[in-house]
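What follows is the residue order along each chain.
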Amino acid sequence: MSAISPTSSTSTSTSTSTTSSSGSGPITFNGIISGLNTTAIINALMQAYEQPQIDIGNQIQTQQANLADYQQISADMTSLQSAADSLTQASQWSVMGATTSNTSVATATAGAGASPSTIAFNVNQLAQSNVLAGANSVSSTSSTVASSNFLLSSQAAGFGISSLAGSSLTVGTHSFSSTSALSGGVATGTAYLPSSVTIGSSNDTIDATVNGTAYTFTIASGTYTQSQLAAAVASASTVSGTQYLQSRVNSDGQLVVGTSLLGSSASLQLTGGTALSTLGLATQSAASVGTAGSITLDGTVTAVNNVQAGSTVSLADGSGGTITAGIGSFGIKKGSFNAMEVAAGNGSLQDVVNNINNSGAGVTATAVQVSSTQYILQLSSNTTGTDGAITVESAPFSTALGSFNTIAAAENSQITVGGSGGYVLSGQTNSVSGVLPGVTINLVSAQAPGSSPIDLTVSPDGQSMAKQVQSLVTAANQALTDINKYAGYNYSTNTGGPLMGDSTLSQLTNQVLGIVSNAVGQGNFTPAQAGLSVTSGGLLQFNATTFAQAYDANPSQVASLFNQSGNFTPSSSAYSGTVSLVYASDGTAAGAYPITITHSATQAQDAGNVLSTGTITNAETITVTMGSANASYAASAGESLTSIAQGLNAAFVASGIAVAATVVTSSSGSQLVLTSNQYGSAQSFTVDSTAAGSGQTGLVATANTPETFSGTDVAGTINGVAATGSGQVLSAPSSDPTLAGLAVQVTASGITSATNIGTFNYQQGIAGGLAYAANGAAAPVTGSLTTTISGIQGQITNLQQQYASYTPMIQAEQAMLEQEFSTMESQLGALQNQGQYLSGQIKQLP
């Protein structure tokens with residue numbers, strides 16, 4: 001009997017059989033006694049009996065076909081939702097393009113955060129890698145160049161290490177970790193230095209207290225470049241043969257001045273002088289104090305404190321080896337780096353080259369043939385910029401090569417922004433960022449002095465945005481095409497699709513087309529003005545050129561047509577502009593939603609005593625802790641609250657604490673107030689002070705007894721639904737079928753009881769609307785298509801169960817018919833035998 005399936009009959013050919021006494025198997029005879037075609041009779045009877053199962057099988061096939069069609073449309077809507085989601089947020093519409101006036105000198109790219117702008121700059125120099133070469137040559141690659149193993153690093157210079165020398169080290173990697181930076185007192189400029197600075201008698205002095213002693217340093221008159229000016233400042237600080245200050249220009253074009261003494265005894269406070277403004281420096285309200293360093297070499301810690309820049313420190317590796325490290329001008333930075341102890345092998349040039357290249361030091365070694373019988377060892381850093389400068393132990397090479405000459409100095413890239421009177425910026429690579437938000441300048445070649453500036457223009461990139469909108473239109477048209485294919489009517493063939501008549505699909509088509517045709521942006525901007533329209537055939541049509549032109553002319557207006565947005569109608573002018581959209585999901589319905597606030601969000605705040613004199617009586621040290629960070633300021637007796645606030649703010653910035661100190665003045669006096677930068681219960685800080693009471697800041701009630709201050713979250717409802725506050729953000733439950741997680745920022749202050757502050761009007765825009773429609777159709781569990789698909793799958797399962805239940809009945813019916821016809825043949829055979837017997841008996845009668 002054949003297998004039974006939803007698409008096949010369950011009948012099979014059946015016959016009555018007898019078996020001969022010879023041969024290889026049974027021989028089947030069809031109705032051998034009756035002469036009837038019993039197989040045909042049984043098949044005919046079974047076809048009628050099997051018809052209900054065949055009908056069910058046909059239903060299953062139809063439902064499976066419908067299921068596939070709905071699943072395709074659902075997949076289309078999911079794709080549409082994905083395409084729409086890339087255009088729902090205002091931030092997704094800030095696509096900018098960056099161009100330069102001379103791409104042979106520099107190119108530019110714009111990314112997130114870029115905005116329309118224009119600057120002019122000159123490329124002074126490109127970043128380049130450090131290249132060193134032995135001063136002496138050797139006659140062949142087998143000649144000896146190294147007498148022993150040696151240290152090599154392309155990372156150490158970037159952390160302030162000026163030299164390395166090893167003793168009894170194992171070959172391989174040696175790891176350095178500076179867990180506490182070694183530094184001196186430092187003052188950093190607050191303004192960019194011009195590329196050219198002139199110093200004269202009217203702007204040549206720096207008043208500073210260095211390591212507790214007051215000095216007046218006089219800078220030599222002259223016109224300086226940035227680097228020359230830094231050298232002149234350092235030179236001016238030399239008194240009786242001792243240089244007290246170091247100076248350099250950082251990557252932001254600001255002058256940095258630091259003490260030559262490095263460690264906890266070092267301090268620097270700029271107190272005045274005629275040169276500060278010219279140098280971009282400012283007086284310091286408190287001394288900048290150096291820090292003691294801690295360097296771990298291969299797990300062994302060495303403390304370094306109160307040493308001079310340019311001195312050396314001996315570091316033990318814990319295994320009997322030591323490294324003598326030179327200390328750079330501004331100390332040793334916090335961080336980790338490696339140096340390699342490279343095996344000299346047999347000391348030959350070839351062995352040294354091979355071993356360096358296999359060491360992983362970030363340095364490429366080459367045996368350069370300078371003549372038929374002369375070779376030199378050349379070392380090239382694999383990294384551009386001063387941080388990638390090569391540090392190589394020179395002693396093992398001194399006999400054969402002498403010293404190492406600098407073929408190419410490690411240099412940072414350098415550009416001058418704003419022409420000859422502008423400011424200079426530098427970087428470790430030829431990719432310069434930070435000049436304009438979200439823009440990266442890629443330097444290609446340096447310009448000769450006096451060259452015309454390169455113009456960099458950042459403008460809206462309509463062509464890129466058009467590609468994203470085209471993706472949205474393509475996804476929408478695919479969904480519309482498939483809906484029409486499966487549920488529409490073909491007038492050419494006068495046939496309807498298998499799903500024709502499904503009102504859900506008809507509504508979905510109308511919804512998609514209506515979202516586009518009814519959309520209106522800022523200033524009554526229409527889809528047609530953005531190149532988007534609905535065709536007579538029920539599809540979307542998009543003109544990328546029209547769109548790009550409109551976007552380039554007014555990006556925000558075009559964006560308003562597509563992205564989610566909202567406006568607030570306040571209940572009174574006091575609440576005007578206090579509610580704005582933070583987030584809306586694909587399930588958030590467009591609508592006008594009342595906002596009721598029961599409690600405004602607040603910042604964490606600590607308000608001190610009101611002091612009539614504006615100064616404290618006794619010294620006190622204030623410590624503020626936020627999370628794992630803390631900052632302290634030691635205020636002196638008689639110090640003003642304004643000075644204390646400045647000192648605290650500097651400490652907060654240095655420690656990354658999001659708190660601000662301000663002084664509030666009234667007719668009664670002045671008051672020091674500490675306030676968290678952000679709102680909400682998560683904004684919490686702890687304050688401690690060594691003094692309290694009358695005449696003190698009053699930030700704590702009792703000296704040496706810390707107090708904690710926290711903000712509060714906004715509380716209230718959206719559309720009458722209880723919402724959750726986090727800082728100033730009020731969020732509706734994601735489970736709410738209408739709001740679906742709608743979140744707004746509420747800046748209204750001072751509310752302590754339930755207050756209806758107005759109505760927030762949420763608009764979806766084209767992208768948000770299409771995402772909403774697609775989500776309503778294809779969302780897991782709740783989507784209309786998802787529900788339909790689930791229902792069909794249930795029907796198929798039920799039909800399959802019915803189909804399966806018929807199989808044993810059909811099998812039993814067939815078996816019964818076969819048995820009945822077999823019995824009939826047997827009975828006919830018996831009767832025939834009896835007849836033959838009787839005939840024989842009759843013939844024997846006399």
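What counts as what
- Residues numbered from 1 in each chain as written.
- Predicted model: local features only at pLDDT ≥ 70, side-chain atom pairs only at ≥ 80, totals over all residues.
- Heavy atoms only, no water.
- Helix = DSSP H or I, 4+ residues; strand = E, 2+ residues; numbered from the N terminus.
- Rg over C-alpha atoms; globule rule 2.2 N^0.38 Å.
- Buried < 20%, exposed > 50% of the residue type's maximum accessible area, 1.4 Å probe, protein only.
- Contact = heavy atoms within 4.5 Å.
- Areas by Shrake-Rupley, 256 points an atom, 1.4 Å probe, with all protein chains shown as cover.
- Patch = residues over 30% accessible without salt bridge, like charges linked within 9 Å, V, L, I, M, F, W, Y side chains within 5 Å.
- Salt bridge = Lys/Arg side-chain N within 4 Å of Asp/Glu carboxyl O.
- Pairing = 2+ DSSP bridges.
- Axes fitted to C-alpha atoms, helices over the stretch in contact; angles between N-to-C directions.
- Polar contact = N/O pair within 3.5 Å; in protein donor to acceptor, adjacent residues only side chain to side chain.
- Phe/Tyr/Trp six-rings, centres within 6.5 Å; stacked < 30°, edge-to-face > 60°.
- Core = buried A, V, L, I, M, F, W, Y, C linked by side-chain atoms within 4.5 Å.
- Arc of directions from axis to C-beta.
- pLDDT = per-residue confidence, 0-100.
- Parallel < 35°, antiparallel > 145°, perpendicular 65-115°, else oblique.
- Left-handed = near helix turned anticlockwise from the far one by under 90°.
- Nonpolar A, V, L, I, M, F, W, Y, C, P; charged D, E, K, R; others polar.

**Student:** What am I meant to see in the overall build of the protein here?
**Tutor:** Assigned secondary structure in the protein consists of twelve helices and 55 strands. For a compact globule of 846 residues, the expected C-alpha radius of gyration is about 28 Å, and the protein comes in at 43 Å, more than 25% above that figure. Seen along its three principal axes, the alpha-carbon backbone of the protein occupies a region of about 170 × 90 × 60 Å. Out of the 846 residues belonging to the protein, those deemed buried represent 43%. Considering only contacts within the protein whose residues lie at least 6 apart along the sequence, 70% involve residues at least 24 apart. Carbon and sulfur atoms make up 50% of the accessible area of the protein, which totals about 37800 Å².

**Student:** Is there a simple way to think about a nonpolar patch on the surface in this case?
**Tutor:** Where nonpolar side chains cluster on the molecular surface, the patch consists of Tyr 837, Leu 838, Ile 842 and Leu 845 and spans about 470 Å² of accessible area. Topologically, Tyr 837 is positioned in helix α12 (residues 784-843). The exposure class assigned to Tyr 837 is exposed, which follows from its relative accessible area of 54%.

**Student:** When you look at the sheet that holds strand β34 (residues 431-433) in this model, what are you seeing that I'm missing?
**Tutor:** Hydrogen bonds between backbone atoms are what pair the strands of a sheet, whose relative direction is either parallel or antiparallel. Ordered in space as β4-β35-β34, the three strands form an open sheet in which the pairing is antiparallel. The open sheet has two edge strands with one neighbour each: β4 (106-110) and β34. In this sheet, adjacent strand axes meet at a mean angle of 25° when their direction is disregarded. By the bridge criterion, three bridges tie β34 to strand β35 (residues 439-443) in an arrangement that is antiparallel. Looking at the pairing, Val 432 lines up with Ile 441 of β35.

**Student:** I would appreciate a short explanation of the side chain of Ser 381 in the present structure.
**Tutor:** Within the secondary structure layout, Ser 381 lies in strand β29 (residues 374-384). Owing to a relative accessible area of 5%, Ser 381 belongs among the buried residues under this scheme. A polar atom in the side chain of Ser 381 sits 2.6 Å from the backbone oxygen of Gly 388. Every residue in contact with Ser 381, bar those within four places of it in the chain, is listed here: Ser 129, Asn 130, Ser 154, Gly 362, Gly 388 and Ile 390.

**Student:** Could you clarify how one ought to interpret the packing of aromatic side chains in this entry?
**Tutor:** Here a ring pair, both rings aromatic, is described through the centre-centre distance and the interplanar angle of the planes. For the coordinates displayed, the defined rule picks out 14 aromatic pairs. Both rings, one in Phe 176 and one in Phe 337, keep their centres 4.6 Å apart while their planes meet at 10°; by these two values the pair is stacked. Here the residue Phe 176 occupies a position in strand β9 (residues 172-180), and Phe 337 occupies one in strand β27 (residues 335-342), the gap between them amounting to 161 residues. For the pair Phe 176 and Phe 337, a shared accessibility class is recorded, and that class is buried.

**Student:** Can you walk me through the nonpolar core in this structure?
**Tutor:** Side chains of nonpolar character tend, in soluble globular proteins, to be buried together. Formed by 58 residues in total, the largest nonpolar core has its most connected members in Met 77, Trp 93, Phe 547 and Phe 562. Residue assignment for this core shows that the elements contributing at least two residues are α1 (38-85), α6 (462-487), α7 (503-517), β40 (540-542), α8 (544-553), α9 (555-562), α11 (765-778) and α12. Here the element with the most residues in this core is α6; it accounts for twelve residues. Once residues within four sequence positions are removed from consideration, Trp 93 is found in contact with Leu 87, Met 465, Val 469, Phe 547, Tyr 551, Val 558, Ala 559, Phe 562 and Asn 563.

**Student:** Sorry, what's going on with helix α4 (residues 349-357) here?
**Tutor:** Buried within α4 are the following residues: Leu 349, Val 352, Val 353 and Ile 356. For α4, the angular spread of the buried residues around the axis is 100°, confining them to a single face. Elements in contact with the buried residues of α4: β7 (150-153), β27, β28 (363-371) and β29.

**Student:** Is there a simple way to explain the pairing of β27 in this structure?
**Tutor:** Two faces make up the sheet, and in a regular strand the side chains alternate between them. Bridge count between β7 and β27: three bridges; the pairing is antiparallel. Residue pairing for β27: Leu 152 is matched across the bridge by Met 340. Of the strand pairs in this sheet, β9 and β27 are connected by seven bridges, and their pairing is antiparallel. For Thr 173, the partnering residue across the bridge sits in β27 and is Met 340.

**Student:** What am I meant to see in unusual backbone geometry here?
**Tutor:** Leaving glycine out, the prevailing phi sign among residues is negative, and the prevailing peptide bond configuration is trans. Unusually for a residue other than glycine, Asn 494 sits at a positive phi of about 55°. Along the polypeptide, Asn 494 turns up in the loop between β37 (489-490) and β38 (495-496). The phi dihedral of Asn 524 falls on the positive side, at around 60°, and the residue is not glycine. Mapped onto the fold, Asn 524 is located in the loop between α7 and β39 (532-534). The exposure class assigned to Asn 524 is exposed, which follows from its relative accessible area of 60%.

**Student:** It is not clear to me how the confidence of the model for the protein should be interpreted in this structure. Could you clarify?
**Tutor:** The predicted coordinates should not be examined in detail at positions where pLDDT is low. On average, residues of the protein score 92 in pLDDT, and 96% of them reach the 70 mark or higher. Residue range residues 1-5 is modelled with pLDDT below 50. Its contacts to residues more than four positions away, or to other chains, number 14 contacts. Segment residues 7-29: pLDDT under 50, and 43 contacts once partners within four positions in sequence are set aside and those in other chains are kept.

**Student:** Got a minute to help me understand the environment of Asn 430 in this structure?
**Tutor:** Inspection of the secondary structure puts Asn 430 in the loop between β33 (423-427) and β34. Each residue touching Asn 430, except ones within four places of it in the same chain, is listed here: Leu 126, Ala 127, Ser 413, Ile 441, Asn 442 and Leu 443. At a separation of 2.6 Å, a polar atom in the side chain of Asn 430 contacts the main-chain amide nitrogen of Ala 127.

**Student:** Is there a simple way to think about the side chain of Ser 153 in this case?
**Tutor:** Relative to the assigned elements, Ser 153 resides in strand β7. At 2.8 Å, the side chain of Ser 153 forms a polar contact with the backbone oxygen of Asn 338. Every residue in contact with Ser 153, bar those within four places of it in the chain, is listed here: Leu 164, Asn 338, Ala 339, Ala 361, Ala 389, Ile 390 and Thr 391.

**Student:** Looking at this structure, how should I read the environment of Thr 495?
**Tutor:** Structurally, the position occupied by Thr 495 is in strand β38. Judged by relative accessible area, Thr 495 falls into the partly exposed class, the value being 41%. Those residues in contact with Thr 495 that lie beyond four places of it in its chain are Gly 488, Tyr 489 and Asn 490. Side chain to side chain, Thr 495 and Thr 493 meet in a polar contact 2.6 Å long.

**Student:** Please clarify how the packing of α6 against α8 should be interpreted in this entry.
**Tutor:** Running from N to C, α6 and α8 cross one another at 130°; their axes reach a closest spacing of 8 Å. Here α6 lies oblique to α8, going by the angle between them. Considering only the axes of α6 and α8, their crossing is right-handed. Contacts between α6 and α8 involve Gly 462, Gln 463, Met 465, Ala 466 and Val 469 on the former and, on the latter, Ala 544, Phe 547, Ala 548, Tyr 551 and Asp 552.

**Student:** Explain the pairing of strand β43 (residues 591-599) to me, please; I cannot follow it from the model alone.
**Tutor:** The sheet contact formed by β43 and strand β55 (residues 755-763) spans seven bridges and is antiparallel. By the bridge assignment for β55, Gly 591 is matched with Tyr 762. Two elements, β43 and strand β51 (residues 715-718), share four bridges in a ladder whose sense is antiparallel. Directly across from His 599, in β51, lies its bridge partner Ala 715.

**Student:** How should α9 be read in this particular structure?
**Tutor:** Since the α-helix turns once every 3.6 residues, residues separated by three or four places project in the same direction. The element α9 is largely enclosed, with a buried count of seven among its eight residues. Listed in full, the buried residues belonging to α9 are Pro 555, Gln 557, Val 558, Ala 559, Ser 560, Leu 561 and Phe 562.

**Student:** Looking at this structure, I do not really get the packing of α11 against α12. What am I missing?
**Tutor:** For any two helices packed against each other, the geometry is given by the interaxial angle and the distance between the axes. Two elements in contact, α11 and α12, have axes whose closest approach is 3 Å; the angle formed by their N-to-C orientations is 15°. When the axes of α11 and α12 are compared, the pair comes out roughly parallel. Seen from α11, the contacting residues are Gly 776, Ala 777 and Ala 778; seen from α12, they are Ser 784, Leu 785 and Thr 786. Its residues assigned to classes, the contact of α11 with α12 comprises three nonpolar, three polar and no charged.

**Student:** Help me out: how do you make sense of the sheet that holds strand β23 (residues 300-304) in this one?
**Tutor:** The six strands lie next to each other as β23-β22-β9-β27-β7-β30, forming an open sheet whose pairing is antiparallel. A single partner strand is all that each edge strand has here, and the edge strands are β23 and β30 (391-392).

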